[in-house]
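If you want the building blocks of each chain, they are given just below.
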Amino acid sequence: MSLLASEMHGSLPFPILTALILIPAAGSILTLISSNLRPEITKLIALLTSVFTGALGLWMLASFKTGEASYQFTSQHQWISSWHIGWHVGVDGISLFLVVLTGFLFPLVIVGCDPHHDEKRYLAWILLLEAGVMGSFLSLDLFLFFLFFEIVLVPMYFLIGGWGYDQRIYAATKFFLYTMVGSAFMLVGIVTTALLAKKDLGHISFDLVEIAESANFAASTGRWLFFAFAIAFAVKVPLFPLHTWLPDAHTQAPTGGSVILAGVLLKLGTYGLLRFGVYLFPEAALWSRQIFLTLAVIGIIWGAVAATMQKDLKRLVAYSSVAHLGFIVLGTFAFTAEAMGGGVMQMINHGVSTGALFLLVGMIYERRHTRLISELKGLQKVAPIFAAAFMVVMLSSIGVPGLNGFVGEFLVLIGSFATARWWVVVAATGVILAALYLLWAYQRVFHGEPDEANSTFRELRLREGLVLLPFIGLIIFCGVYPKPMLDRIEPSVKAILVRVEEKTGYVAPEPVVLTTEGEEG
Amino acid sequence: MGAQTMTYPSIDWLAITPIIILLGGMMINLVIAALTRAWPRAWYAIGTVELAVAALIVEMFLWHDINKDGARIIINNAISIDHFTMFCWIGIAGALALVSLSTAEYLRRESLEGPEVYALYICAALGAMIMTASNDMIVLFLGLETLSIALYVLASSHRRRAESQESGLKYFILGGFASAFFLYGIALIYGSTGTTNISGIGNVLSTEVFIKGDDAMLLAGIALLIVGLAFKVAVVPFHFWTPDVYQGAPTPVTSFMASVGKFAAFAALLRVVATALPSRAEDWRPVIWVLAILSVVVGSVLAVVQTDVKRMLAYSSISHAGFMMIGIESIGHSGDVDGLPATLMYLMIYSVLVIGTFTVVSLVTRTGDNGSDIGSFRGLGKERPALALAMTVFLLAQAGMPLTSGFIAKFGVIKAAATNHSYAIAIIAMVASVIAALLYLRIMISMWLSDEESGDDKREAIKVPFTAGFVVAGSAFFTLLVGVWPGWLIDASQAALQLAK
């Protein structure tokens, strides 16, 4: 590896991606050392840091060159030279919106969710989590990626364990250990990949771009390595049958934790499958696609059926996540441009709509101190605006045309139809089931006459409304006009597909629809 | 029959300066302690730290000298002066300084007399240094005994605690057995190769061809040698003494055993397998493989079910020893260059970690050294946030979290294993380390997520004296520094690959 450090910021004057990782980390330390006597200053520091990070993300989005598949704003430096490990970060169409979403969610979580106690530590953990998530999405070095992927566990563990509900310690420990088991395999996979790359590169390398460009793995080796990576991501997604940590973690986590967990943390899994699974080991991914398609479809149905039967509103949303993430995996392993692009789109959409749903459920809990559906009744009568907001978010989660949820799901289903017909047939019923469990839940919670406990349910407050407004805005915008997003996602997705075709001789079917026109219903 | 003249070996005094410094310091310590009375006890600690730091500085210079002049064997081929030795000596001197500092307050709290504990520390460190440098089995044995006997006494140095006495006696009896095995192993190897010199054994074994079936004595010797050293490094199934001894011994002594004791025994094992036995790798490698797997699995599983933190950490140290064994297993593959540096680096990192961890435990166990159950840690996050934060860093590092030194250590041995295609051992070890993570999580839960005790159960407040605070802060700093910027330590450990033969 050359000892030269390279910086290619495009039109920007400084390494923006490094800043996106380091600023939240610095903010976390600042929060921690700020005075105990002035909690409002601590909160201000945290808020400003996260808003600034979000603004940087938007700036990056604005300067992103549309139509380019390669990594942009890259910066590369030597870090551990004896092992050829570098600080290599970059962003392409796949990670672009995930980074923007991360920058978007964190300030809203800081404003919208009240930790109730030990606010300083809570904010420090949140910001550290942001740094970790940003780092995971931006890393182009396997070692660096693993580092961030693992480090994310620590703040999330403490957030669930410290600020969660009754079963929080059990849930936090389960979350930590499940993910770590997956990571154990991935670490061995990463080390082996780097060592085997030596044969083609002449030196050991952890650099994703270098390995992808030059290294050729024998089919059987590639499959082993792919599975070592895939286990870690399958736990994170979570893919059936490794999903059992998710309902516990979601239900017990504080609202802010749930929003982040659903919004961006789960995407580490689907993002990883695409970036480090399909991209790095195309042959193995194609070879094992039926396994993943099947697990994804089982996840869609299983998640939906389980969600239907939940008594706890938060648990219901958690299981709906399992189903939604199934669609993303389905799209990823369908190996068509629309389906994969739809999968990436769905990552963002799920982050927005499920994030908002968790916020709303959190607000219900704040008011009523229960999440049991049976305890809630007739809220629409006493809090019509709240109900309307819930309705919009819920419809987006169901995937009603005109809202963002539809775009991703539709693209995934239509794109997968050519290559994975029967899986799509089953998965499509998942869309109907989603309508079933969400509408049924809405009916039970919001319709009818409120009983005594529910008659004092407070209407949406201004602050809560302002937090929800960006979510609803995005839900509608992405639903009506997804073209700007798709334009930026598509080239990178197609580049992955081209790579799969080159490496395996697989031929992706011609697009069934013109992706940017087909879903503006 | 003329008068026989005895020829003395020429001695490279400069190279053994660190040993002489410590030896002289120990003598002075004992003489002063015997002739005077009622010194403030902290002075002995300060003296010991100064000795250790002096030795450390000389070792740094020696490291530089070896860069320039190359490695060499001195005193009749009995002592190797190479980067490997210096790496270990620096580690041992550093550990000696840290443990002495953390002991100062402990002795005051427990109202124990000072001087002899420090003399024993220095004596043990001397033994450890001789072990790591020895290029002769007999010298190795001398170092081993010097270290062990000092440790037996140290383990039982809390005279009013029955557990401490018990742990010393247990350690002594089982350690005596192990020494006997080790010595018998030396004898058998001497019998089949005709030399006790470690590089000499290596030469004989690589040049002489043993007829199949004719090497039983040699194999038995190797086996006994491994048993003896495996006992000292505490790997399964030679680990039975560890939990009892670690739990019963005064906490600073436990940290000394887990750092210096492990350092010396592992370094000896490394040198023996890398210098004397490389040509018999096919014979000993499967044994090491089994020991490594057993240690990571059994250590991790048993650690999780403990309720006493010192016992937990004892089992976790067994699991860490298993990880280091992975590095040694790698050395058994021909042409390996990763195993030895990885193991050495693991040793250095683990020594600092374990000293930091046990120093916190020592503070938390409070007067009487009895509160080492996990309940003592409840509410530490509220009462002493800085201490709890440092402990969290140590625990996360032991769990192998990135950005801490523990991750670099694990990464090193896993890389060594993967280089030699030992994927099974790498995966088993990583999965076992997830089990062990549960144990570190339990302590963290107790510190941060459980409330303080109230009412009758209220324990005395935790005091953090300057010396112990310094040790904890220093160890935490090292842990994070190596986690973020590990290049220099990796390079240093790789320099140690060239053993003087």
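Residues numbered from 1 in each chain as written. Chains lettered and ligands numbered in written order. Predicted model: local features only at pLDDT ≥ 70, side-chain atom pairs only at ≥ 80, totals over all residues.

Observations concerning the overall build of chain B
If you tally the helices and strands in chain B, you get 19 helices and two strands. Relative to the globule expectation of 23 Å for 501 residues, the C-alpha radius of gyration of chain B, 22 Å, shows essentially globular dimensions. Its C-alpha atoms put chain B at 80 × 60 × 45 Å along the principal axes. Residues counted as buried form 61% of the 501 residues belonging to chain B. Taking the intrachain contacts of chain B between residues at least 6 apart in sequence as the baseline, contacts between residues at least 24 apart amount to 81%. (Helix = DSSP H or I, 4+ residues; strand = E, 2+ residues; numbered from the N terminus. Rg over C-alpha atoms; globule rule 2.2 N^0.38 Å. Buried ≥ 20, exposed ≤ 12 C-beta atoms within 10 Å, placed from the backbone. Contact = placed C-beta atoms within 7 Å.)

Details of the overall build of chain A
Assigned secondary structure in chain A consists of 21 helices and three strands. The C-alpha atoms of chain A give a radius of gyration of 22 Å, which matches the 24 Å a tight globule of 521 residues would have. Per-residue burial for chain A yields a buried fraction of 62% across its 521 residues. Put simply, of all contacts in chain A between residues at least 6 apart along the chain, 80% involve residues at least 24 apart.

A few points about the confidence of the model for chain A
Residues and elements named next belong to chain A. Considering every residue of chain A, the mean pLDDT works out to 88; 96% of them sit at 70 or more. Confidence, read as mean pLDDT per element, is least for strand β1 (residues 6–7) in chain A (68) and greatest for helix α5 (residues 142–151) (93). Scored below 50 in pLDDT, residues 515–521 shows 15 contacts in the model against residues more than four places distant or in partner chains. (pLDDT = per-residue confidence, 0-100.)

Section: the interface of chain B and chain A
With 26 residues of chain B in contact, the opposing surface of chain A contributes 25 residues. Residue assignment for the side of chain B that touches chain A shows that the elements contributing at least two residues are α16 (405–419), α17 (423–449) and α19 (487–495) of chain B. In terms of residue count, the dominant contributor to the side of chain B that touches chain A is α17 of chain B (13 residues). Of the residues that constitute the side of chain B that touches chain A, the class distribution is 20 nonpolar, four polar and two charged. (Nonpolar A, V, L, I, M, F, W, Y, C, P; charged D, E, K, R; others polar.)

As for the pairing of strand β3 (residues 85–91) of chain A
Residues and elements named next belong to chain A. Among the seven residues in β3, seven count as buried, and that is most of the element. Judged by which residues are buried, β3 turns out to be covered on both faces: I85, W87, V89 and V91 on one side and G86, H88 and G90 on the other are all buried. Sheet topology places strand β2 (residues 72–80) next to β3; six bridges connect them, and they run antiparallel. Looking at the pairing, H77 lines up with W87 of β3. Here β2 folds back onto β3, and the loop between the two strands holds four residues, one of which, H84, carries a positive phi near 55°. (Pairing = 2+ DSSP bridges.)

Re helix α7 (residues 198–207) of chain B
All of the buried residues in α7 of chain B are I198, I201, G202 and L205 of chain B. Buried residues of α7 of chain B, viewed axially, fall in a sector of 100°; they line one side. (Arc of directions from axis to C-beta.)

Considerations on the environment of F390 of chain A
All names here are of chain A. Its location among the elements puts F390 in helix α17 (residues 384–398). Between the C-alpha atom of F390 and that of S214, which follows or precedes it by 176 residues, the distance is 50 Å. Each residue touching F390, except ones within four places of it in the same chain, is listed here: L360 and F446.

Remarks on the nonpolar core
Residues L330 of chain A together with I92, A124 and A125 of chain B are the most contacted members of the largest nonpolar core, which totals 399 residues. Dropping the residues within four chain positions of it, L330 of chain A is found in contact with L293, A296, V297, V412, S416, W423 and A427 of chain A. (Core = buried A, V, L, I, M, F, W, Y, C linked by C-beta atoms within 7 Å.)

Let's talk about the environment of I432 of chain A
Positionally, I432 of chain A belongs in helix α19 (residues 421–446). Looking at I432 of chain A, the number of C-beta atoms within 10 Å reads 10, which means it is exposed.

Things to note about the confidence of the model for chain B
Low-pLDDT stretches of the model should not have their predicted coordinates read in fine detail. With 96% of its residues at a pLDDT of at least 70, chain B reaches an overall mean of 88. Scoring of the predicted complex yields 0.92 for pTM and 0.89 for ipTM.

So, helix α1 (residues 17–35) of chain B
Because an α-helix packs 3.6 residues into every turn, residues spaced three or four apart end up facing the same way. Across its 19 residues, α1 of chain B extends 27 Å between first and last C-alpha, which sits within 8% of the 27 Å expected from 1.5 Å per residue. Residues of α1 of chain B that are buried in the fold lie against α2 (42–69), α3 (83–109) and α4 (115–133) of chain B. (Expected span 1.5 Å × (residues − 1).)

A look at the environment of L481 of chain B
Summarising the element assignment, L481 of chain B is placed in helix α18 (residues 466–484). Considered as a pair, L481 of chain B and L439 of chain B are 42 residues apart in the sequence and their alpha carbons are 24 Å apart.

Regarding unusual backbone geometry
The peptide bond linking V237 of chain A to P238 of chain A adopts the cis configuration, its omega dihedral lying at -5°. Looking at the secondary structure, you find P238 of chain A in the loop between α9 (219–236) and α10 (245–252). Along the chain, F240 of chain A connects to P241 of chain A via a cis peptide bond; the corresponding omega equals 0°. Checked against the element boundaries, P241 of chain A lands in the loop between α9 and α10. Phi angles above zero are rare outside glycine, and N76 of chain B is one such case at about 55°. Relative to the elements of secondary structure, N76 of chain B occurs in the loop between β1 (72–74) and β2 (79–81). Despite not being glycine, N77 of chain B has its phi angle at roughly 60°, a positive value.

What to know about the packing of helix α12 (residues 309–331) of chain B against α17 of chain B
When two helices pack together, their arrangement is captured by the angle between the axes and the distance separating the axes. Residues and elements named next belong to chain B. At a minimum axis distance of 11 Å, the contact between α12 and α17 shows a crossing angle of 160°. For the element pair α12 / α17, the angle class is roughly antiparallel. The two elements α12 and α17 meet at a crossing, and its hand is left-handed. Residue-level contacts link V309, M312, S316, S319, G322, F323, I326 and E329 of α12 to I425, A429, A432, A436, L439 and I443 of α17. The residue inventory of the contact of α12 with α17, partitioned by class, reads ten nonpolar, three polar and one charged. (Axes fitted to C-alpha atoms, helices over the stretch in contact; angles between N-to-C directions. Parallel < 35°, antiparallel > 145°, perpendicular 65-115°, else oblique. Left-handed = near helix turned anticlockwise from the far one by under 90°.)

A few points about the packing of α5 of chain A against helix α7 (residues 168–201) of chain A
Residue and element names in this part refer to chain A. Their axes nearest at 10 Å, the elements α5 and α7 cross at an angle of 170°. Comparing their axes, α7 and α5 come out roughly antiparallel. Residues L142, F143, F146, F149 and E150 of α5 pack against S183, M186, L187, I190, T193 and A194 of α7. For the contact of α5 with α7, the per-class residue count stands at eight nonpolar, two polar and one charged.

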